[in-house]
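So the chains spell out like this:
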Amino acid sequence: MAEGYTFRCTVCEFAVATWSDGNPFYLDENDRKRYAYHPDHENLARCIGNDVPHLCLSCGAETKVDSRRPRTKCRKCKAAALVETWDLQGKTCSRCSKGQFKRDDSSFAIS
C-alpha cells in the first residue's frame, strides 16, 4: 500500500506533498512514458522505471528524477542539492532557509 504525506516547514509553512510509490512508468509503442498507479496492476507489471519526485534544497525547484538516469544536480540552479520528497523530514526549508521540514501527521493517507 502506498502512503502519502505532506512535509511542512516549521517556520514559513511551505508544504510539499509526497507519495511513497513515486511515479512508476512503462514505455508505450512510441517510446513515450506512461504512468501506472495502483490499482492498475496490469500496467504496473509493465513498469520499467520510476520518476521519483525531488525538491532542490537550494532553489526550491520541484522535479522528477528518472530512476534509470539518476542525477543529483538541479537543472534549474545546478546545485547538488536534490532530495527525494519522501526524505524531507528534518531538512532545511528551501523557501525560507530558517525552518525545517516536518511531517504533518494530519495529512497522512493510505491507499
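For the structure itself, consult the block above.
Keep in mind the model is a prediction, meaning the values are calculated, not measured.

A. Geometry of the overall build of the chain. For the chain, the count of helices and strands is one helix and eight strands. Along the chain direction, N to C, the helices and strands of the chain fall in the order β-β-β-β-α-β-β-β-β. Based on the C-alpha atoms only, the size of the chain along its principal axes is roughly 45 × 35 × 15 Å. Looking at the chain as a whole, 37% of its 111 residues qualify as buried. Here the analysis covers contacts within the chain between residues at least 6 apart in sequence; of these, 48% occur between residues at least 24 apart. Carbon together with sulfur atoms contributes 47% to the accessible area of the chain, which is approximately 6,900 Å² in total. Computing the positive centroid from 18 side-chain charges and the negative centroid from 15, the chain places the two 9 Å apart.

B. Structural detail: the packing of aromatic side chains. Under the definition given, this model contains five aromatic pairs. Here the aromatic rings of Y5 and W86 are separated by 5.0 Å at their centres, their planes lie at 40°, and the arrangement is tilted. Residue Y5 is found in strand β1 (residues 3-9), and its partner W86 is found in the loop between β7 (82-84) and β8 (101-110); the two are separated by 81 residues along the sequence.

C. Structural view of the nonpolar core. By size, the foremost hydrophobic cluster in this structure holds eleven residues: Y5, F7, C9, F14, V16, L55, V83, L88, C93, C96 and F101. Of the residues forming this core, the biggest block, three residues, is contributed by β1. Among the nonpolar cores identified, the runner-up in size contains seven residues, and A61, V65, A79 and L82 belong to it.

D. Examining the pattern of salt bridges more closely. Within the structure shown, the criterion is met by six salt bridges. Residue K33 is joined to D51 by a salt bridge in which the shortest nitrogen-to-oxygen separation is 2.9 Å. One end of the pair, K33, is in strand β4 (residues 33-35); the other, D51, is in strand β5 (residues 49-56), and 18 residues separate them in sequence. We classify K33 as partly exposed; its relative accessible area is 31%. Of the charged contacts in the structure, one is a salt bridge between R68 and D66, with a shortest N-O distance of 3.0 Å. Classification of R68 as partly exposed rests on a relative accessible area of 35%. Accessibility expressed as a relative area gives 7% for D66, which makes it buried.

E. Broad picture of unusual backbone geometry. Geometrically, the link from H38 to P39 is a cis peptide bond, its omega value of 10° lying close to zero. The residue P39 is located in the loop between β4 and α1 (41-44) in this model. The phi dihedral of E13 falls on the positive side, at around 70°, and the residue is not glycine. For K78, which is not a glycine, the phi torsion comes out positive at approximately 70°.

Calculation rules
- Residues numbered from 1 in each chain as written.
- Predicted model: local features only at pLDDT ≥ 70, side-chain atom pairs only at ≥ 80, totals over all residues.
- Heavy atoms only, no water.
- Helix = DSSP H or I, 4+ residues; strand = E, 2+ residues; numbered from the N terminus.
- Buried < 20%, exposed > 50% of the residue type's maximum accessible area, 1.4 Å probe, protein only.
- Contact = heavy atoms within 4.5 Å.
- Areas by Shrake-Rupley, 256 points an atom, 1.4 Å probe, with all protein chains shown as cover.
- Lys, Arg positive; Asp, Glu negative; His and termini not counted.
- Charge placed at Lys NZ, Arg CZ, Asp CG, Glu CD.
- Phe/Tyr/Trp six-rings, centres within 6.5 Å; stacked < 30°, edge-to-face > 60°.
- Core = buried A, V, L, I, M, F, W, Y, C linked by side-chain atoms within 4.5 Å.
- Salt bridge = Lys/Arg side-chain N within 4 Å of Asp/Glu carboxyl O.

These values are about where atoms sit, not about what they do.
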